[in-house]
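Observations on the three-dimensional arrangement
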Amino acid sequence: MTAPQKEITIIGGGIIGCSTAYFLTRHAFYSAATHRITLLEASSSNAGGGASGKAGGLLALWAFPQNIVPLSFKLHQELAKEHDGEKRWGYRRCWASQVDCKARVPPGLGAGYAQAGGVPTATAGAHAEPSKGLHKDHKMDSKALRKLGAPDDLDWLDTVHSLRGYDNMGTPDDTAQVHPELFTRSMAQLAEEAGVTIITGARVTSINKDTDGKSIRSVTYEKDGQEKTLPTTDCIVAAGPWTSRLLPQIPVTSSRAHSVVIKSPHPLSAYALFTAISLPAGFPTPTASKARGAAAAHAVPLKRGQSVEPEIYARPDGTAYACGPTDDTVPLPLTNAEVEVGEARCDDIIYQVSGISDELGRDGQVLAKQACYLPQGGPFIGEVGGVKGLVVAAGHTCWGIQNAPGTGKLVSELVLEGRTKSAKLGSCDPSRFM
Ligand SMILES: Cc1cc2nc3c(=O)[nH]c(=O)nc-3n(C[C@H](O)[C@H](O)[C@H](O)COP(=O)(O)OP(=O)(O)OC[C@H]3O[C@@H](n4cnc5c(N)ncnc54)[C@H](O)[C@@H]3O)c2cc1C
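All of these numbers come straight from a predicted model, not from anything done at the bench.

Here we take up the overall build of the protein chain. Summing up its helical and strand segments, the protein chain has nine helices and 20 strands in all. Within the protein chain, the fraction of its 434 residues that count as buried is 58%. Looking at the protein chain alone, contacts between residues at least 24 apart form 79% of all its contacts between residues at least 6 apart. For the protein chain, the accessible surface area stands at approximately 17,600 Å², while carbon and sulfur atoms represent 52% of it.

This is the structure:
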């Protein structure tokens, strides 16, 4: 049977767009002779500065939604085996643990402390708004944690002075990790080698339908100040948090999240830590989730104790990634390049990690302070109501890295076979609300 001619355009070169490109080229019905696949990415590089380049990279069989998680977790393992993911994108099995800690005030604080008398006092500073971690839905109340001693190899956490409670959320049987940026770039490169054209610096401005509105005709994008139009029979919108700007009927929302990368002087054992850290009075005050601007709240010591929940993921390259809470103070800009990084919010994370780990605090070297937008509301995977060839794959929440290969595989089936076979779309199918 000859495959029908298709001109497939993928919008977005984050992990979802690049995984989709990869799986399209691996589908049994794909033929480089009859299928033209183009991926358009607004940033100057793919994985370009969006959440896919700035996420933690945790993979877990206990993630959600459960209709696609097992497929995607398995595909991650198969991809790592096939393409040497251990070396290429830092794939490894790991532990995920919930830890309840009490922080020490880190030494060497900023100017605000000098003004407050050098040594933090419990009289200055005020704002004590508890902040919640990204994966908060998975956590149990810290009071319910078993008062276990920490495992011996968790030697980069100050278990003697800081740790108050420990429990496993995931073990190497059901939990793994990747370096998300390296994984995304690898998917893009493998797709390109199989015939996909990737155009960066290309921001899509409209998806154009036929006159009857029932099928796709083309996609218009801007590149280097010029408008171009690409003939398209099948359009996959994988624009992460920007998806609703192209498809207003798909309710993807977003929140900004900050993160840091810290290099440790020693290799770090494979733990992802979901922390609950109680900051004592005198600790640098975290930036309030609603505070706009660069004012560094942490220049003033906390008056009363406060609880925070940064997540810390040790990576095989000797770095640790840590992220803080989300905030809605700065709306999603036009592109990744304009994402505003709040330095003070990054410093908050660095102080908090330093308060429970000398390895990452006193002895660590900060390599990156960054921000991105977490896409929320979905995941939405499937055909967009009544328009032949229009598919969405977006809104993947805090599990988009885990669920990217499964999403890519399902979209490849949808586009090339007209139905999904590897898993049921279930709650991800946008037709349930359209
Ligand atoms: C702090 C943080 C930590 C996280 N940790 C984890 C984790 O440990 N495990 C996990 O599974 N998930 C994690 N996630 C979630 C994960 O990062 C996201 O779900 C995932 O990266 C979303 O990928 P995406 O491709 O949909 O979006 P993005 O990565 O945002 O990519 C979308 C791309 O589309 C492009 N684009 C947008 N509009 C256009 C347009 N008009 N034309 C052309 N291109 C366009 C953008 O430039 C962007 O590159 C985390 C997220 C955050 C914020």
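Contact geometry of helix α1 (residues 15-26) with helix α6 (residues 180-193) gives a least axis separation of 8 Å together with a crossing angle of 35°. Considering the relative orientation of α1 and α6, their crossing is left-handed. In this structure, α1 uses Ile15, Cys18, Ser19, Ala21, Tyr22, Thr25 and Arg26 to contact α6, whose residues at the interface are Phe183, Thr184, Met187, Ala188, Leu190 and Ala191.

The ligand sits among 41 residues. The nearest are Glu41, Ser52, Leu58, Thr397 and Gln402. Side-chain polar atom of glutamate 41 to an oxygen atom of the ligand: 2.6 Å apart, as the coordinates give it. Contact between the ligand and glycine 56: a nitrogen atom at 3.1 Å from a main-chain N or O atom of the residue. The fraction of the free accessible surface of the ligand (1,000 Å²) that becomes covered by protein chains is 98%. Looking at the shell around the ligand, the elements with two or more residues in it are α1, β2 (35-41), α2 (51-54), β9 (203-209), β17 (319-327), β18 (365-376) and α9 (400-417). Along the lines of polarity and charge, the residues of the shell around the ligand split into 26 nonpolar, 13 polar and two charged.

Enumeration according to the criterion identifies 16 salt bridges in this entry. Among the salt bridges present, the one from aspartate 158 reaches arginine 104, with a minimum N-O distance of 3.2 Å. Of the two residues, aspartate 158 is situated in the loop between α5 (111-115) and β6 (163-170) and arginine 104 in the loop between β5 (95-102) and α5; the sequence distance between them amounts to 54 residues. For arginine 104, a relative accessible area of 30% gives the class partly exposed. When the shortest N-O distance is used, the salt bridge between glutamate 417 and lysine 421 registers 3.3 Å. With relative accessibility at 21%, the residue glutamate 417 sits in the partly exposed group.

With 15 residues, helix α3 (residues 69-83) extends 21 Å between its outermost C-alpha atoms, agreeing within 8% with the 21 Å of an ideal straight helix rising 1.5 Å per residue. Within the span of α3, buried status applies to Val69, Leu71, Ser72, Phe73, Leu75, His76, Leu79, Ala80 and His83. After α3 finishes, the residue aspartate 84 shows a positive phi value of roughly 55°.

So, about the sheet that holds strand β7 (residues 175-177). Pairing is antiparallel across the open sheet formed by three strands, whose spatial order is β3-β7-β4. Whereas interior strands pair on both sides, the edge strands pair on one side only; in this sheet they are β3 (58-60) and β4 (92-93). Where β3 meets β7, three bridges bridge the pair, whose relative direction is antiparallel. What sits directly across from alanine 60, in β7, is threonine 175. Sitting on the sheet, α3 touches β3, β4 and β7, and the angle it makes with β3 is about 120°.

Before going further, it helps to examine the environment of alanine 314. Structurally, alanine 314 can be placed in strand β16 (residues 311-314). For alanine 314, the residues in contact, after removing those within four places along its chain, are Arg92, Trp156, Gln177, Leu268, Ser269, Tyr271, Thr319 and Ala320.

Turning next to unusual backbone geometry. At the junction of phenylalanine 64 and proline 65, the peptide bond is cis and its omega measures out at 0° in the coordinates. Looking at the secondary structure, you find proline 65 in the loop between β3 and α3. With an omega of 5°, the peptide bond running from glycine 378 to proline 379 counts as cis. Relative to the helices and strands, proline 379 resides in the loop between β18 and β19 (380-383).

Okay, the sheet that holds strand β12 (residues 234-237) next. Spatially, the six strands line up as an open sheet ordered β8-β2-β1-β12-β20-β19, and their pairing is mixed. What marks the edges here is a single partner per strand, and that holds for β8 (197-200) and β19. In this sheet, adjacent strand axes meet at a mean angle of 15° when their direction is disregarded. Sheet analysis places strand β1 (residues 6-11) next to β2, joined by six bridges and oriented parallel. If you follow isoleucine 8 over to β2, its bridge partner there is isoleucine 37. With respect to the sheet, α9 is in contact with β1, β2, β12, β19 and β20 (390-394), its orientation differing from that of β20 by roughly 175°.

Reading the values: rules and limits
Residues numbered from 1 in each chain as written. Predicted model: local features only at pLDDT ≥ 70, side-chain atom pairs only at ≥ 80, totals over all residues. Heavy atoms only, no water. Helix = DSSP H or I, 4+ residues; strand = E, 2+ residues; numbered from the N terminus. Buried < 20%, exposed > 50% of the residue type's maximum accessible area, 1.4 Å probe, protein only. Contact = heavy atoms within 4.5 Å. Areas by Shrake-Rupley, 256 points an atom, 1.4 Å probe, with all protein chains shown as cover. Axes fitted to C-alpha atoms, helices over the stretch in contact; angles between N-to-C directions. Left-handed = near helix turned anticlockwise from the far one by under 90°. Near = heavy atom within 4 Å. Polar contact = N/O pair within 3.5 Å; in protein donor to acceptor, adjacent residues only side chain to side chain. Nonpolar A, V, L, I, M, F, W, Y, C, P; charged D, E, K, R; others polar. Salt bridge = Lys/Arg side-chain N within 4 Å of Asp/Glu carboxyl O. Expected span 1.5 Å × (residues − 1). Pairing = 2+ DSSP bridges.

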